[in-house]
Structure formats: C-alpha cells, structure tokens
Amino acid sequence: IPLMNTSYIGALKSYIYFPIFALFGVSPETIRLPTIFISLVTLTLTFKLARLHFRPLYSALLVLLMAVDPIFIFTSKADSGPIVLMMFFKMLALYFFFRFILTSAPRYLWGVAIACGLGLFDKFNSIWFVVALLVAAVVIFREELRSAAVNSRAQVIWLAGAVLVLFVAIARYS
C-alpha cells in the first residue's frame, strides 16, 4: 500500500480514485468529475465560512467571484497536481477553526487537526499553511485557546498528543 507518491505528495488522491476507477473504469469523466465535485464542496465550505462573518449577499458574492475565477475553474477541471484537495482541506480547516472560535467546542479543534493532517498527507508543503494557522491562532485568538484548554483540558491533551503523533508519522514518511 503506497503512503507517498513522491517525496512530498501523499497517496491520498490515489486512495480516492481507486474505488472510482474500480467501479466506473478510467475515463476523462471519472478523472474530472470527482475533482469538480470536491471543488463544489470547497465552494460550499467557503460560503459557510463567509456566513460566519458576513451577510448572505456578501458570502454569495465571494463564492461567485471564486467560482468564475479562471484559475479556480482550470484547477478544478484539470487538477494538475493535488490542488483541489489542498484547497478543500485548507477551507475545511479554516471552517472548523472559526466554528471553534465562535462556539469553544473542542470537537471543532479535532476537525482542524484532521483536516490539517489529511492536507499534510495529501501534500507535505501544506505545512506552511498549518504553521501559519497555528501562529495566527496563538497570536490573534490566544484567549479563546486558553479558555478551551482550561475548560476541556483532557480533550486538549489528547488532541495535542494526536497532532504530535501525526506530525512525527508524516515527517517520517516524507
């Protein structure tokens, strides 16, 4: 079972496509439709994230601008590299992070950890996003993180341990 396709790209995309190709065969449609579907989910996550901070009209305008952007369209259709999954996992991590900030529910931190972990497994240079998110979280949302650590100490310790194991495993196989 492959873990990495190259030194910095994991086999996650291969794992996603294996059952699709097994069921429907290899064709332009079976290659492009999954990436287009993941891009649609990314747009939906973008709308949901924007709705946490903006009015529905502004959120819809943001998604419209993103959906008609030629670069977004090209990368969604052709997916030259693991771009579609990268965008999806980054948006998912941001959505879970801001849901955590608004609710202080530790389950959203688990969502952030899983999204970042899958993003790292998909493409290791997602480490730059993960580090930026961690630094920004500590600098900007220090009090919210401290409050969650005090209120849910056991879950935060388990989460920190899981994240540490994940980083060690990913660093070992990259």
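Residues numbered from 1 in each chain as written. Predicted model: local features only at pLDDT ≥ 70, side-chain atom pairs only at ≥ 80, totals over all residues. Heavy atoms only, no water.

What follows deals with the nonpolar core. F97, C116 and L133 are the most contacted members of the largest nonpolar core, which totals 31 residues. Secondary structure elements with two or more residues in this core: helix 2 (28-51), helix 5 (83-103), helix 6 (106-122) and helix 7 (127-140). Ignoring sequence-local partners within four residues, the contact set of L133 consists of A93, L94, F97, V112 and C116. (Core = buried A, V, L, I, M, F, W, Y, C linked by side-chain atoms within 4.5 Å. Buried < 20%, exposed > 50% of the residue type's maximum accessible area, 1.4 Å probe, protein only. Helix = DSSP H or I, 4+ residues; strand = E, 2+ residues; numbered from the N terminus. Contact = heavy atoms within 4.5 Å.)

Another point: helix 4 (residues 70-78). The complete set of buried residues in helix 4 reads F72, T75 and S76. Looking straight down helix 4, one finds its buried side chains confined to an arc of 100°; they lie on one side. In this fold, the buried residues of helix 4 make contact with helix 2, helix 3 (56-68) and helix 5. Downstream of helix 4 by a residue or two, D79 has a phi angle that is positive, lying close to 45°. (Arc of directions from axis to C-beta.)

It is worth spelling out the packing of aromatic side chains at this point. Applying the stated criterion to the full structure yields eight aromatic pairs. Measuring from centroid to centroid gives 6.0 Å for Y95 and F96, while their planes differ by 50°, and the two rings are tilted. When its relative accessible area of 13% is taken as the criterion, Y95 is described as buried. What makes F96 partly exposed here is its relative accessible area of 21%. Each residue in the set Y95, F96 and Y108 is aromatic and connected to the rest through ring pairs, giving one cluster. (Phe/Tyr/Trp six-rings, centres within 6.5 Å; stacked < 30°, edge-to-face > 60°.)

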